[in-house]
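Take a look at the letters that make up each chain.
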Amino acid sequence: MINSGLTFREAHDRTNSLQNPKLPDWAVIDITTPPDAERAGNVVDAGFFDASWKVAPRNP
């Protein structure tokens, strides 16, 4: 999925202090893991795009 906004889940709506991004620009989510109120599923991989919308290199 490509993250186009806030990524808080149902369990994070108790207070505004929990309503901040939980995922970076993109993520691969294993949808065979059932989602819950805190997670959309198992995040297999995730990262950021650079200024040209290319996957940014990872720091070692």
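Right above here is the structure, for reference.
Heads up: these notes are all about the structure in this document. Note that the coordinates shown come from a computational prediction; the quantities given were computed from them, not determined experimentally.

Thresholds, definitions, all that
Residues numbered from 1 in each chain as written. Predicted model: local features only at pLDDT ≥ 70, side-chain atom pairs only at ≥ 80, totals over all residues. Heavy atoms only, no water. Helix = DSSP H or I, 4+ residues; strand = E, 2+ residues; numbered from the N terminus. Buried < 20%, exposed > 50% of the residue type's maximum accessible area, 1.4 Å probe, protein only. Contact = heavy atoms within 4.5 Å. Areas by Shrake-Rupley, 256 points an atom, 1.4 Å probe, with all protein chains shown as cover. Phe/Tyr/Trp six-rings, centres within 6.5 Å; stacked < 30°, edge-to-face > 60°.

## Focus: the overall build of the chain
So, point 1. The helix and strand tally for the chain stands at zero helices and two strands.
So, point 2. Of all 60 residues assigned to the chain, the portion counted as buried reaches 17%.
So, point 3. Restricting to contacts in the chain with at least 6 residues of sequence separation, those with at least 24 account for 27%.
So, point 4. Summed over all atoms, the accessible surface of the chain reaches about 4,700 Å², with 56% contributed by carbon and sulfur.

## Re the packing of aromatic side chains
Any two aromatic rings considered together are summarised by their centre-to-centre distance and by the angle between their planes.
So, point 1. All told, the structure shown has one aromatic pair when counted by the stated rule.
So, point 2. Note on F49 and W53: the rings are 5.3 Å apart at their centroids and 45° apart in plane angle, and the pair reads as tilted.

## A look at the environment of V55
So, point 1. Relative to the helices and strands, V55 is located in the segment after β2 (42-47).
So, point 2. Sequence separation of V55 and D25 is 30 residues, and the distance between their C-alpha atoms is 9.3 Å.
So, point 3. In this view, V55 contacts W26, F48 and F49; residues no more than four positions away in its chain are not counted.

## Quick look at unusual backbone geometry
Comment: phi is negative for the bulk of residues other than glycine, and the bulk of peptide bonds are trans.
So, point 1. Positioned with a positive phi, W53 is a non-glycine residue whose angle comes to about 60°.
So, point 2. Along the polypeptide, W53 turns up in the segment after β2.

## What to know about the environment of F49
So, point 1. With respect to the helices, strands and loops of the structure, F49 is situated in the segment after β2.
So, point 2. When the C-alpha atoms of F49 and P24 are compared, they prove to be 9.0 Å apart, with 25 residues separating the residues in sequence.

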